[in-house]
Amino acid sequence: EFSTLDGTTRNRLVRLNSSGTVDTTFYTNLVTAFNNSIYNIEIQSDGKIIVGGIFTAFSGNTRNRLLRLNSTGTEDTSFYTNLGTGFNSAIQSVDIPSDGKILAGGSFSTLNSVTRVGLVRLNSDGTDDTAFYTNLGTFQGGSIVDIKTQSNGRILVGGGFTSLGGSTRNKLVRLNSDGTENY
C-alpha cells in the first residue's frame, strides 16, 4: 500500500538490488505503476512476475486485479489480452505450481463476467482453465486468502469460506491438481 520509499515516489512495487538499493531501471519501466494495493506477488520460472491485488489500473491502463510483468518491469500485455476484462474483486493469493499454471484466489465472483467464485486456475498464457473450475465447484461464505501447492501437486486452499460445492468445508480444503476435492 506504500506510495513512497525513502522519500521518493514508488507506487506499491519496487525491486531492490542485492545491496538493498532500489533497482531504478525496473521502477522506470513500471511507468506510473499501480493505482491501488498489491496483495501478492509470485515469480514464474521464466522470471516473469504475477501481481495480484485490488488495483484496477496499471500505468494508466485498466487492469483488474491481476497482471503479469516481464522481468524488466514492463507489462506483459499479451497476458492481459488473454485474461480479458479481469476480476470483479480482490486477488488475495497467487500460487504457481510446477506445471506453470497460475492459481489465483480472493474475494471475486467473476472473471470476464463469467462466474468464478474465489479460486481460478489460469493457463500460463492467462486464459481461464475452464476444466479446473468445472471440477472445482463453488466456494461459499468467504474469500480465499492463501493457496499453496504441495510437492505432490495437491493444492491447499485456506480462507474464510464455509462450504465447497454445497458441502461444509470450514476454512481449509485440499484439492487434487485437476480441481476435484482430495478428502
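Scroll up to find the structure.
The notes below deal with the structure included here. Just so it is clear, the structure is predicted and the values come from calculations on it, not from any experiment.

## So, the sheet that holds strand E9 (residues 102-106)
The 3 strands lie next to each other as E8-E9-E12, forming an open sheet whose pairing is antiparallel. Single-partner strands in this sheet number two, and they are strand E8 (91-95) and strand E12 (119-122). Sheet twist, expressed as the mean angle between neighbouring strand axes with direction ignored, is 20°. Taken together, the 4 bridges between E8 and E9 define a ladder with antiparallel strand orientation.

## Some points on unusual backbone geometry
Its identity as a non-glycine residue notwithstanding, serine 59 has a phi of 50°, on the positive side. Among the secondary structure elements, serine 59 is positioned in the loop between strand E5 (57-58) and strand E6 (61-62). Assessed through its relative accessible area of 19%, serine 59 is described here as buried.

## Topic: the pairing of E9
Summarising burial for E9: 5 of the 5 residues are buried, a large majority. Taking every second residue as pointing to the same face, both faces of E9 are buried, with Ile102, Ala104 and Gly106 on one and Leu103 and Gly105 on the other. With antiparallel pairing between neighbouring strands as the criterion, E8 and E9 make up a hairpin whose turn holds 6 residues, including glycine 100 at a positive phi of roughly 85°. The pairing of E9 with E12 spans 4 bridges and is classified as antiparallel. Paired with glycine 105 across the bridge in E12 is leucine 119.

## Some words on the nonpolar core
Grouped together as the largest cluster of nonpolar side chains are 15 residues, with contacts concentrated most on Leu119, Leu136, Phe139, Val157 and Leu175. Mapped onto this core, the elements with two or more residues apiece are helix H3 (130-136), strand E14 (144-149), strand E15 (155-159) and strand E18 (172-175). By residue number, the principal contributor to this core is H3, which donates 3 residues. Leaving out residues up to four positions away in the same chain, leucine 175 has contacts with Leu119, Phe132, Leu136, Arg154, Ile155, Val157, Leu164, Thr180, Glu181 and Asn182. One finds Leu66, Phe79, Phe87 and Val94 within the second-largest nonpolar core, a separate group that totals 14 residues.

Criteria and cut-off values
Residues numbered from 1 in each chain as written. Predicted model: local features only at pLDDT ≥ 70, side-chain atom pairs only at ≥ 80, totals over all residues. Heavy atoms only, no water. Pairing = 2+ DSSP bridges. Helix = DSSP H or I, 4+ residues; strand = E, 2+ residues; numbered from the N terminus. Axes fitted to C-alpha atoms, helices over the stretch in contact; angles between N-to-C directions. Buried < 20%, exposed > 50% of the residue type's maximum accessible area, 1.4 Å probe, protein only. Core = buried A, V, L, I, M, F, W, Y, C linked by side-chain atoms within 4.5 Å. Contact = heavy atoms within 4.5 Å.

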